[in-house]
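# Commentary on secondary and tertiary structure
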Amino acid sequence: MRAAATLALVLLALAAGCGGSGGGRGTITIVVDAPFSRSPYIGDTVANGVRLAADQLNAQGLSAAGKAYRIRVVRLDNALSPGRAVANTRNALRRHAVAIVTDGTGVDATWKLANQQHVPICITYQGGTGLVDPKTRPNVFRIAPTDHGLAFRLAEYMVPKRLKIALLTDDSDYGQEGKASLDDAFKTVSKSVVARITLPSNASDLAPQVLQARRSGATALLVWALPPVLAKTVVAARSAGWQVPLYATPTAEDPVLRQQLADHPSWLDGLTFASGRMTAELGSGPWSTFEAAYESAFGATFVGVKSQGKRVISPPDYAMYSYDCANLIAAAFQQASGTNAKKVLAALNQVSIHGANGDERGFNEVNHEGVVDDDVYFARFEDKIFRPVKDDPLSSTLPVINQVR
Amino acid sequence: MSKGAGVLAAFILLLAAGCGSEKKAEEGGAEKECSSAPAAMAGNPTLPAMFPTPDNVTYTGQKKTGPSSVVSGFRDGELGDAFDAYKSGFDSAGYQVTHSEKEEDDAEVNFAGGNSTGQVKMIQSCKDRTSLAITIRPQ
């Protein structure tokens with residue numbers, strides 16, 4: 001019996017690996033390469049968006065050239081390691097994956113491997129400027145706010161306030177990519193910058209770096225760092241009694257920040273961060289529908305803290321990007337009439353869809369970015385939830401997204 | 001959460017979704033009569049080299065926002081015409097249109113060229129006028 005079961009499993013695995021060839025129902029594989037072990041929030045966010053799109057497409061029926069297909073989603077953990085990302089990419093190619101959706105870890109190394117077999121990579125978290133270039137990396141696409149957009153929008157928002165800004169970036173790849181974009185955004189307004197300080201990710205205490213910023217005469221800190229480093233920066237400033245305004249990037253949304261500040265929740269109040277707008281010009285309807293479907297499938301992402309007695313949740317904003325990416329991949333697959341990798345890759349430059357928030361998503365031959373710089377907004381924390389700010393033209397038009405259950 | 005409660009929550013969210021769309025429709029400006037037009041700015045705005053200015057565009061101001069600048073203005077005529085005029089204008093000027101999107105009452109054209117990137121945001125504010133906000137970011 002056991003041998004028969006094993007044989008059946010092997011046959012099923014072989015059938016799945018056959019992609020779209022042969023008769024009957026075919027299977028296409030989307031590999032999600034994300035940091036499930038090192039950063040579960042990001043990993044699950046990326047994977048759940050793809051999973052939701054796949055489940056919906058499978059339910060409504062996906063076909064190409066008259067043949068029915070179903071989408072299989074395979075999760076591979078890169079543990080924030082470029083080496084692991086390379087191994088995962090090789091694994092994806094062995095599985096004849098139609099596409100790889102990733103947070104962005106290791107793309108500098110993986111894109112070439114994938115491009116040899118014309119397999120598209122879609123980044124849905126990291127915004128590094130060099131990661132995407134349609135000319136030199138024709139198989140790399142992104143649906144996520146770019147570092148360029150975040151840095152420029154932060155400069156556009158902060159400089160008119162006449163703040164003396166200390167730029168604090170951590171020594172991770174994320175922080176160093178951010179540093180490059182901040183240098184670019186502030187190069188013509190460098191008088192606004194009083195210090196540029198690197199935060200060591202593995203330091204247990206960032207008091208020396210925060211003190212350096214304070215002594216530089218800074219009246220605002222702009223922190224571009226991974227969530228634990230951002231949390232340590234907040235702790236260092238507030239525990240020293242320094243009520244300096246804090247500005248940050250989308251890592252501020254990560255539950256880790258609120259969890260690590262759970263003993264001093266007021267320290268988070270007033271922290272302002274830049275991120276991609278959740279709702280589109282069309283209104284909040286499409287976003288609400290997506291959010292309801294997401295919560296129905298996976299449950300709400302509870303942050304682990306309460307606001308006014310209610311449990312705080314993290315809205316699935318970045319999951320929206322991987323959801324849109326998976327839908328674009330499916331649209332390209334259908335336009336290509338099958339699994340021919342070269343045709344699917346070419347079709348990704350042509351197809352467009354209405355994304356989860358109603359915005360049109362799509363790429364073309366000169367642009368592989370799915371989120372424009374002008375869709376970056378600002379939100380401010382108060383009592384562990386965040387709301388769009390009122391002193392920015394775009395943000396002031398956006399609705400407050402419910403974050404308690 | 002029970003299945004019934006989940007269905008109820010989804011229903012409430014869908015109702016809320018419907019309300020959002022309705023709000024948008026109510027705010028449409030294309031049917032409103034236009035009041036008198038804003039005054040043109042003194043002089044010309046500082047635009048990137050070869051930046052297109054379609055016919056019937058009036059610039060009303062320019063302000064610096066950190067490293068970037070925002071030029072405001074309007075174009076006589078409907079949104080669709082303004083949208084088409086900017087898209088073809090960028091093509092003719094050798095700029096890349098990196099993204100464009102047109103909805104009922106607003107539209108955006110994102111561009112790259114003239115050592116800059118940015119967006120032309122268009123809103124049909126009344127029957128025969130489309131307001132413009134051009135964000136220019138240096139490269």
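Residues numbered from 1 in each chain as written. Chains lettered and ligands numbered in written order. Predicted model: local features only at pLDDT ≥ 70, side-chain atom pairs only at ≥ 80, totals over all residues.

Helix and strand counts for chain A stand at twelve helices and 17 strands. Principal-axis analysis of the C-alpha atoms gives chain A an extent of 70 × 45 × 45 Å. Burial status across chain A gives 53% buried among its 405 residues. For chain A, the proportion of contacts with a sequence separation of at least 24, taken over those separated by at least 6, is 67%. (Helix = DSSP H or I, 4+ residues; strand = E, 2+ residues; numbered from the N terminus. Buried ≥ 20, exposed ≤ 12 C-beta atoms within 10 Å, placed from the backbone. Contact = placed C-beta atoms within 7 Å.)

Attention now moves to the overall build of chain B. For chain B, the count of helices and strands is two helices and six strands. Listing the helices and strands of chain B from first to last along the sequence gives α-β-β-α-β-β-β-β. The contacts in chain B between residues at least 6 apart in sequence include a share of 46% that link residues at least 24 apart.

This part is about helix α3 (residues 82-94) of chain A. Residues and elements named next belong to chain A. Helix length check: α3, at 13 residues, gives a terminal C-alpha distance of 18 Å against a target of 18 Å (1.5 Å per residue), a fit within 8%. Taken together, the buried positions of α3 are occupied by A85, N88, T89 and A92. Angularly, the buried residues of α3 cover 105 degrees about the axis, an arc narrow enough to put them on a single face. Those residues of α3 that are exposed and angled more than 90 degrees off the buried face are G83 and R94. Looking one or two residues past α3, H96 carries a phi angle of roughly 55 degrees, positive in sign. (Expected span 1.5 Å × (residues − 1). Arc of directions from axis to C-beta.)

Inside soluble globular proteins, nonpolar side chains tend to come together where they are buried. Residues and elements named next belong to chain A. Among the nonpolar cores identified, the biggest contains 63 residues, and I30, V101, A326 and I329 are the most heavily contacted of them. Leaving out residues up to four positions away in the same chain, I30 has contacts with V50, A54, I71, V73, A97, V98, A99, V101, A326 and I329. In this structure, L154, L163, A248 and V303 belong to the second largest nonpolar core, which totals 57 residues. (Core = buried A, V, L, I, M, F, W, Y, C linked by C-beta atoms within 7 Å.)

Next up on the list: the sheet that holds strand β1 (residues 26-34) of chain A. Residues and elements named next belong to chain A. On the basis of which strands lie adjacent, the open sheet formed by six strands has the order β2-β3-β1-β4-β5-β6 and mixed pairing. Of all the strands in the sheet, the pair left with one neighbour each is β2 (62-64) and β6 (140-142). On average, each strand axis in the sheet is tilted by 35 degrees relative to the strand beside it, whichever way the strands run. Pairing of strand β5 (residues 121-123) with β6 involves three bridges; the strand directions are parallel. Residue pairing across strands places I123 opposite R142, the latter belonging to β6. (Pairing = 2+ DSSP bridges. Axes fitted to C-alpha atoms, helices over the stretch in contact; angles between N-to-C directions.)

What follows concerns the environment of B:E103. For B:E103, the position within the fold is in the loop between β3 (96-102) and β4 (106-113). Residue B:E103 is classed as partly exposed on the basis of its 15 C-beta neighbours within 10 Å. When neighbours within four sequence positions are excluded, B:E103 is seen to be in contact with A:E281 and A:L282.

With that settled, the discussion passes to the sheet that holds strand β11 (residues 272-276) of chain A. Residue and element names in this part refer to chain A. The mixed open sheet is built from seven strands, whose spatial order is β8-β7-β9-β10-β11-β16-β17. Looking at which strands have only one partner, the edges of the open sheet turn out to be β8 (193-199) and β17 (385-388). If you compare each strand with its neighbour and ignore which way they point, the axes differ by 25 degrees on average. Here strand β16 (residues 376-382) runs beside β17; their pairing, made up of four bridges, is antiparallel. Residue pairing in the sheet places A379 in a bridge with P388 of β17. Lying over the sheet, helix α7 (residues 207-215) contacts β7 (165-170), β8 and β9 (220-224), oriented at roughly 175 degrees with respect to β8.

Let's shift gears to the pairing of strand β13 (residues 310-313) of chain A. Residue and element names in this part refer to chain A. Sheet analysis places strand β12 (residues 302-307) next to β13, joined by three bridges and oriented antiparallel. By the bridge assignment, K306 is partnered in β13 with R311. Linking β12 back to β13 in an antiparallel pair, the connection comprises two residues, with Q308 at a positive phi of about 50 degrees.

Our next topic: the domain arrangement of chain A. Residue and element names in this part refer to chain A. If you check the domain split of chain A, you get domain 1 (13-144 + 318-372) and domain 2 (147-283 + 298-317 + 375-397). In this structure, domain 1 and domain 2 have C-alpha centres spaced 29 Å apart. Taken together, the contacts link 16 residues of domain 1 with 19 residues of domain 2. Breaking the side of domain 1 that touches domain 2 down by element, the ones donating at least two residues are α2 (40-60) and α11 (317-335). Considering only residue class, the side of domain 1 that touches domain 2 consists of seven nonpolar, eight polar and one charged. (Domains from an automatic or database assignment. Nonpolar A, V, L, I, M, F, W, Y, C, P; charged D, E, K, R; others polar.)

Once that is clear, we can look at the packing of α2(A) against α11(A). Residues and elements named next belong to chain A. The interhelical angle for the contact between α2 and α11, taken along N-to-C directions, is 45 degrees, at an axis separation of 7 Å. The angle between the axes of α2 and α11 places the two elements in the oblique class. With respect to the hand of their crossing, α2 and α11 are arranged in right-handed fashion. From α2, T45, V46, N48, G49, V50, L52, A53, A54 and L57 reach across to α11, where they touch Y318, A319, M320, Y321, S322, Y323, A326, N327 and A330. Considering only residue class, the contact of α2 with α11 consists of 13 nonpolar, five polar and no charged. (Parallel < 35°, antiparallel > 145°, perpendicular 65-115°, else oblique. Left-handed = near helix turned anticlockwise from the far one by under 90°.)

In this section: the confidence of the model for chain A. Chain-level statistics for chain A give a pLDDT mean of 94 and a share of 94% at 70 or above. Ignoring residues within four places in sequence, the model shows residues 1-22 of chain A, a span with pLDDT below 50, making 15 contacts including any to other chains. (pLDDT = per-residue confidence, 0-100.)

The subject of this paragraph is the packing of α2(A) against helix α10 (residues 285-298) of chain A. All names here are of chain A. Contact pair α2 / α10: the axes reach a minimum separation of 11 Å and the direction vectors enclose 95 degrees. Compared by their axis directions, α2 and α10 come out roughly perpendicular. Facing α2, whose interface residues are N48, L52 and D55, α10 presents A293, Y294, A297 and F298. When the residues that make up the contact of α2 with α10 are grouped by side-chain class, the tally is five nonpolar, one polar and one charged.

The subject of this paragraph is the environment of A:T146. Residue and element names in this part refer to chain A. Position of T146 relative to the elements: it lies in the loop between β6 and α5 (147-158). Judged by C-beta crowding, with 24 C-beta atoms within 10 Å, T146 ranks as buried. For the pair formed by T146 and A231, sequence separation is 85 residues and the distance between their alpha carbons is 22 Å. Among residues more than four places away in sequence, those in contact with T146 are G127, T129, E369 and D373.

Let us now look at α7(A). Residues and elements named next belong to chain A. Along α7, the residues classified as buried are Q209, V210 and A213. Buried residues of α7 fall within an arc of 95 degrees about the axis and therefore sit on the same side. In α7, those exposed residues whose orientation departs by more than 90 degrees from the buried face are P208 and R215. For α7, the secondary structure elements touched by its buried residues are β7, β8, β9 and α8 (227-239).

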